[in-house]
Amino acid sequence: MTVDAADRRLRRARQLTLLSLATNVWTTLLLPGVGLAREPDPRRLALGVLGLAGFTAAQAAVLHAAVTPWLAGRDRRRRHAALAVAALLSLPLVGPVAAGAWPTWAWLGASLVGMSPLLFRPLPALFAALAVLGASAAVTRVTGGPLPTALLVTGGVGAGIAGVTWLQVWFWDVVVEARQGQAARARLAAAEERLRFARDVHDLLGHDLTVIALKAELAERLAPVDAARAGREAAEVRRLAGSALTRVREAVHGYRAVDLAEQLAAVGEVLRSSGVRCTVVPPAGELPAAVAADLAAVLREAGTNVLRHSRAGWCRIELSREDGLVTMTVRNDGASGAGPDGFSGGLRGLADRLAPAGGSVRAYAEDGVFHLVATVPVTA
């Protein structure tokens, strides 16, 4: 899965989840650190610091991988393997630290139990937690510490950390699935629009192409026996082909009648399905077909800009009619993103399209809000 890096809400949710998961790292550093502070042997202290640093680095890498769904599976497996190696090495390195005075490794065991929801499914996670409990008991027996205390720390504290970790990961998974659903809805809306356009083109061309094919076949049969009639049929084929070409051009460029209200509703739905709060204010009354077609083209370009070029959280689309001018204003709060500028190809194309009708289009950012304003003259 690929997560859109421009999605601010998803990025914030990821940062919040990482921050909450970082409590595991503090548990790993702080409480075993008490054991390091109580260790009188410099050699054991140095080895303990080495083991704790390696374990913490591997743990942080696994926590980061848990909220990085676009990370390659091979890299994820490497991080998990590094944590397993660091945990095994911590037994001889950290286990003897503050022997009998502080359950140093038991706190590392609690961190391992707490991370089990990140590493395994529920049943394997339970078996892994039992294995860590066994390791904690073995270290405690070897170092002469109190066994009940070690088991309480590793099992009890570890279970609490595991519950919190599971909740954090569940929250992150829900956020990612919701974002994927929004993206899927946006793709579906775009696909439905393409299908609608395909049906329109089929309706435009289906009949004309059928007639052209029949008349071309007739002209072919008449050519050897009635050249004059064959020529007339060929001329009719040329006329029909020219008419079909004109209709296709009108459809592609939007010069045929356009239901602007339908276009407004469709663009608004696509934006909402992509997580953008969208408000649409339609024009008062009907607009001439040519004006509606021009504004529909502006609307499609504006919607594309909001989706592709900005980090908008809200968008407002408003049409007003006053003093012989229809004005479409599209505003969104994505001005801080990589939005289109005045030399954008899309905006330049819109300006070229509106110019013959005396219209204009301009784009600018003001107070963090991106504005796209298009005006088209309209007769009363």
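Residues numbered from 1 in each chain as written. Predicted model: local features only at pLDDT ≥ 70, side-chain atom pairs only at ≥ 80, totals over all residues. Heavy atoms only, no water.

As recorded in an unreviewed UniProt entry, the protein chain goes by Histidine kinase and comes from Micromonospora terminaliae.

1. So, the nonpolar core
Leu-260, Leu-271, Leu-295, Ile-317 and Leu-372 are the most contacted members of the largest nonpolar core, which has 32 residues in total. If you list the elements that add at least two residues to this core, you get α8 (260-273), α9 (289-309), β2 (314-322), β3 (325-332), α10 (345-354) and β5 (369-377). With sequence-adjacent residues up to four places away left out, Ile-317 is seen in contact with Leu-264, Val-267, Leu-271, Cys-278, Thr-279, Val-280, Val-281, Leu-299, Thr-329 and Val-330. (Core = buried A, V, L, I, M, F, W, Y, C linked by side-chain atoms within 4.5 Å. Buried < 20%, exposed > 50% of the residue type's maximum accessible area, 1.4 Å probe, protein only. Helix = DSSP H or I, 4+ residues; strand = E, 2+ residues; numbered from the N terminus. Contact = heavy atoms within 4.5 Å.)

2. Examining the layout of surface pockets
Counted as a void, the second largest pocket has a volume near 340 Å³. Surrounding the second largest pocket, 16 residues form its lining, Leu-83, Ala-84, Ala-87, Leu-112 and Val-132 being those nearest its centre. Among the elements of the structure, α3 (73-94), α4 (104-119) and α5 (122-143) are those that each provide at least two residues to the lining of the second largest pocket. Residue contributions to the lining of the second largest pocket peak at six residues, all from α3. (1 Å grid on protein atoms, 1.4 Å probe; cavity = no way out; pocket = protein on both sides within 12 Å on 5 of 7 lines; lining within 4 Å. Points joined across faces, edges and corners; volume = space filled by probe spheres on them.)

3. Focus: the packing of aromatic side chains
With the rule as written, the count across this model stands at two aromatic pairs. Judged by centre distance (6.4 Å) and plane angle (20 degrees), the rings of Trp-102 and Trp-107 are stacked. You can call Trp-107 buried: its relative accessible area is 12%. Ring centres of Trp-166 and Trp-170 lie 6.4 Å apart, and the angle between their planes is 20 degrees; this geometry places the pair in the stacked category. Of this pair, Trp-166 and Trp-170 both sit in helix α6 (residues 147-222), four residues apart, which is roughly one turn of the helix. On the basis of relative accessible area, Trp-170 is assigned to the partly exposed category, the value being 46%. (Phe/Tyr/Trp six-rings, centres within 6.5 Å; stacked < 30°, edge-to-face > 60°.)

4. Observations regarding α5
Counted at 1.5 Å a residue, the expected span for α5 with its 22 residues is 32 Å, and the 31 Å between its end C-alpha atoms agrees. Taken together, the buried positions of α5 are Ala-125, Ala-129, Val-132, Ala-135, Ser-136, Ala-137, Val-139 and Thr-140. Count one or two residues on from α5 and you reach Gly-144, which has phi positive near 80 degrees. (Expected span 1.5 Å × (residues − 1).)

5. A short note on the state of the cysteines
Scanning all chains against the criterion turns up zero disulfides. Cys-315 takes part in no disulfide bond, and the closest cysteine sulfur, belonging to Cys-278, lies 4.7 Å away. For Cys-315, a relative accessible area of 2% puts it in the buried group. (Disulfide = S-S within 2.5 Å.)

6. Topic: the packing of helix α2 (residues 42-66) against α3
Interhelical geometry of α2 versus α3 gives an angle of 160 degrees and a closest axis separation of 8 Å. For the element pair α2 / α3, the angle class is roughly antiparallel. Judged by the sense of rotation from one axis to the other, the crossing of α2 with α3 is left-handed. For the contact of α2 with α3, a count of residues per class yields 14 nonpolar, six polar and three charged. (Axes fitted to C-alpha atoms, helices over the stretch in contact; angles between N-to-C directions. Parallel < 35°, antiparallel > 145°, perpendicular 65-115°, else oblique. Left-handed = near helix turned anticlockwise from the far one by under 90°. Nonpolar A, V, L, I, M, F, W, Y, C, P; charged D, E, K, R; others polar.)

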